[in-house]
Amino acid sequence: MSEERKKRVALIASKGTLDMAYPPLILATTAIAMDMEAAIFFTFYGLNIIRKGRNERLQVAPLANPAMPMPVPNLVGAIPGMTAMATTMMKGMMKKAHVATLGDLLEVAVEGGVRLIGCQMTLDVFGIAAGDLIDGVEVGGAATFLSYAADADVTLFV
Amino acid sequence: MSEERKKRVALIASKGTLDMAYPPLILATTAIAMDMEAAIFFTFYGLNIIRKGRNERLQVAPLANPAMPMPVPNLVGAIPGMTAMATTMMKGMMKKAHVATLGDLLEVAVEGGVRLIGCQMTLDVFGIAAGDLIDGVEVGGAATFLSYAADADVTLFV
Amino acid sequence: MSEERKKRVALIASKGTLDMAYPPLILATTAIAMDMEAAIFFTFYGLNIIRKGRNERLQVAPLANPAMPMPVPNLVGAIPGMTAMATTMMKGMMKKAHVATLGDLLEVAVEGGVRLIGCQMTLDVFGIAAGDLIDGVEVGGAATFLSYAADADVTLFV
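Report follows, based on the coordinates. Within any chain, residue numbers begin from 1 and follow the written order of that chain's sequence. Lettering for chains starts from A, numbering for ligands starts from 1, and both go in the order in which the items are written. Where totals are concerned, whole chains, interfaces and linings use all residues; where local detail is concerned, this predicted model gives features only for residues with pLDDT of at least 70, and gives and counts side-chain atom pairs only at 80 or more.

Time to look at the pairing of strand E4 (residues 137-140) of chain C. Residue and element names in this part refer to chain C. Where strand E3 (residues 115-119) and E4 come together, four bridges link them in parallel fashion. Of the residues in E4, the one forming a bridge with Ile117 is Glu138. Whether a crossover is right-handed depends on one test, that the path from the first strand over the helix to the second runs clockwise when the strands point away from the viewer. Secondary structure elements are taken from DSSP: a helix is a run of H or I of four residues or more, a strand is a run of E of two residues or more, and numbering for both begins at the N terminus. Tracing the backbone out of E3, into helix H5 (residues 120-126) and back to the parallel element E4 gives a crossover that is right-handed. Paired strands, as defined in this entry, are two strands with at least two bridges between them according to DSSP.

Turning next to the relation of the copies chain C and chain A. When chain C is brought onto chain A, the operation consists of a screw motion whose angular component is 120° and whose axial shift is 0.0 Å, with 0.0 Å RMSD remaining. The operation mapping one copy onto its partner corresponds to a three-fold rotation axis. Contact criterion: two residues are in contact if their C-beta atoms, reconstructed from the backbone, are within 7 Å. A distinct binding surface is used by each copy, with only 18% of the interface residues of chain C retained as interface residues in chain A. We superpose the copies by least squares over the C-alpha atoms of residues that have a pLDDT of at least 70 in both of them.

With that settled, the discussion passes to the environment of C:Asp135. Residue and element names in this part refer to chain C. Looking at the element boundaries, Asp135 is found in the loop between H5 and E4. Three exposure classes are used, based on other C-beta atoms lying within 10 Å of a residue's own C-beta, which is placed from the backbone: buried for 20 or more, exposed for 12 or fewer, and partly exposed in between. For Asp135, a count of 8 C-beta atoms within 10 Å corresponds to the exposed category. Sequence-wise, Asp135 and Arg51 are 84 residues apart; in three dimensions their C-alpha atoms are separated by 9.5 Å.

Take the interface of chain C and chain B next. Facing 30 residues of chain C, the contacting portion of chain B comprises 28 residues. Each residue receives one of three labels: charged for Asp, Glu, Lys and Arg, nonpolar for Ala, Val, Leu, Ile, Met, Phe, Trp, Tyr, Cys and Pro, and polar for the others, Gly being one of them. Of the residues assigned to the side of chain C that touches chain B, the class counts are 23 nonpolar, four polar and three charged.

What follows is about the interface of chain C and chain A. Across the contact, 28 residues belong to chain C and 30 residues belong to chain A. Elements with a minimum of two residues in the side of chain C that touches chain A: H5, helix H6 (142-149) and strand E5 (154-157) of chain C. Here the residues of the side of chain C that touches chain A are counted per class, giving 19 nonpolar, eight polar and one charged.

The next thing to look at is the sheet that holds E3(C). All names here are of chain C. Here five strands make up an open sheet; going across it, the order is E4-E3-E2-E1-E5 and the pairing parallel. Pairing within the sheet leaves two strands with one partner each, and these edge strands are E4 and E5. Shown here is a sheet whose adjacent strand axes are inclined to one another by a mean of 20°, direction ignored. Bridge analysis of strand E2 (residues 37-42) against E3 gives four bridges, and the strand direction is parallel. Across the sheet, the residue bridging to Phe41 is Ile117, located in E3. Sheet strands touched by H6: strand E1 (8-13), E2, E3, E4 and E5. Its angle to E1, the strand with the most contacts, is close to 155°. Each axis is a line fitted through C-alpha atoms, and for a helix only the stretch in contact is used; angles between axes span 0 to 180 degrees, taken between their N-to-C directions.

What follows covers helix H4 (residues 102-112) of chain C. Residues and elements named next belong to chain C. Listing the buried residues of H4 in full gives Leu102, Leu105, Leu106 and Ala109. Around the axis of H4, the buried residues are gathered within 100° of arc, so they sit on the same side. The inward-facing, buried residues of H4 abut helix H1 (18-33) and E3. Taken from the residues just after H4, Gly113 is the one with a positive phi, measuring 90°. Picture the helix axis, draw a direction to every C-beta atom, and the arc is the one those directions span.

So, in structure tokens, the structure goes:
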């Protein structure tokens, strides 16, 4: 009774690019630091964020995004090697601004008690074994997410 | 009084690709199965999901998404025919994992009472007639969505 | 006591393309018109929406989106000039349907009291000065957003 319920943040991570892997991890770890509770449901390409040894290999494509800080013509962006180059550039910009790596953020999330849920259907569709996911991850479905999110104060699909 | 209000899920579907058409339909149909109520507001490219005879023609582009399960160099992904090939591959993976088709999910949504709202502004901008939308769809605007979402427990923009 | 709390809409704008800049601005200005309160947190590419003189230069790429109303083969979409052409076409379609420009919507948002928050980390990573943002914008972080969103009724990540 004197114990107030914590604010709750329920996130879905559906993208597997270097840039879009950041928002759910930053929001969840910030929530924890603010004494809220948080969960992330990793689905579709977002599942790559919690595959063992994968998060440091996520890339960003210099294509079809005219809003990139280092825009290149699409024909140039399609040249082999440009995805790797754009990824290296973005990682450099992140590092220079002292932004934590995805691996660091994941570690903080696990240690801080963020609930990490890998999507069962995505594992099935992409033929990935649950054992390929990092430690501390549970496996569940849309119902697992909705049960948690139904009592959340902030719900976001990234 | 003894009757508790159902939990409510308010979704926006803004993408018209095969992969990103799934999350709103899976979440809405799962919500219904969990005795929650749900609505989906179809806007921008997402409107294609509820255009007559369109959902089975949605595609996935093998481009600018280095996180795809079958990544190809962007220069290869741009070759004519590669979008069709990636679409066929993804549909095959879905089928093998016994995932329902978009058409099946839409049918379940309509029968289960999910409120489907087509965006009036999108119809106007893209020059689509309301009659081109599947049966059981109403037409509305951002205000229609916000009126519903203001009392929702889960709100997600896909 | 007789004063009821207004419904609150908390949005994140993470995309910097012409098409995806619309949803947060339309939702926020509609919310204000419905006597709700609203805030938008501009992060990653979305920060371009509130950079001085930038919103009228946002583009849409005719690539990797097979759901576009004017789809072109990806190989054609990669040809220099096609991004500009697709942007011109979409702006023409918007204008013909009497949709306000991004600049008009931003003005309505500022005048209507929508809280506009530029992401500090994005400024740091992309090397943008706070002075490059339009007037009426405050600068903050994920914690600023979450503090506001924790008491919101509608939360969406665009």
